[in-house]
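In case you want the letters, here they are:
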Amino acid sequence: DYPLLMLESSTSTRKAIVEYANSLGVDLHPDIEVAGHEVLIQLAKIGLGIACIPREYIKDLLEKGELVEIRTEPAMPTRALGLVIPDNNDMNFCTKEFINLIR
């Protein structure tokens, strides 16, 4: 009953959501497609529809009650993050700190 807001079809996030929906026999037909999560967030905040946004991007908005999470059954599968680094350990400080952060 609500307009569906999604990222453009070429993004990996959109592809993962479509694959999940298809595995449940659901075809998604977004009413609005945008290039970035920030636009999706703003459109959802003003009530233009339901957006598919990773929870990590909107934790503070959920805590403030500015957005409401709709949980799916079954839950969407988690996605993995891969990282390729040089084996010679020749990385700058920021890169090393980022790697420590995500470990």
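Notes on the structure follow.

**Some thoughts on the pattern of salt bridges**
Enumeration over the complete set of coordinates arrives at 4 salt bridges. Here arginine 14 ties to glutamate 33 by a salt bridge, and the two come within 3.5 Å at their closest N and O atoms. With arginine 14 in helix H1 (residues 12–23) and glutamate 33 in strand E2 (residues 32–34), this residue pair connects regions lying 19 residues apart in the sequence. For the salt bridge of glutamate 69 with arginine 55, the shortest nitrogen-to-oxygen distance reads 2.5 Å. Of this pair, glutamate 69 sits in the loop between helix H3 (59–64) and helix H4 (93–102) while arginine 55 sits in the loop between strand E3 (50–51) and H3; the two residues are 14 residues apart in sequence, bridging distant segments of the chain. By relative accessible area, glutamate 69 is classed as partly exposed at 31%. Its relative accessible area of 38% is what places arginine 55 among the partly exposed residues. Residues joined in a network through salt bridges with shared partners are Arg55, Glu69 and Arg71.

**Quick look at the side chain of threonine 13**
Here threonine 13 is to be found in helix H1. Excluding anything up to four places from it in sequence, threonine 13 contacts Leu7, His37 and Arg79.

Reading guide: rules and limits
As a convention, each chain's residues are numbered from 1 in the sequence order in which they are written. Residue-level local features of this predicted model are given only where pLDDT is at least 70; pairs of side-chain atoms are given and counted only at 80 or more, and the full residue set underlies all totals for whole chains, interfaces and linings. Heavy atoms throughout the structure, all of them, feed into the side-chain values; hydrogens and water do not. Should a side-chain nitrogen of Lys or Arg be within 4 Å of a carboxyl oxygen of Asp or Glu, the pair is scored as a salt bridge. Each helix is a run of DSSP H or I of at least 4 residues and each strand a run of E of at least 2, with the numbering of both proceeding from the N terminus. When accessible area is computed with a 1.4 Å probe and restricted to protein chains, residues below 20% of their type maximum are described as buried, those above 50% as exposed, and intermediate ones as partly exposed. Throughout, a contact is declared for two residues whenever any of their heavy atoms are within 4.5 Å.

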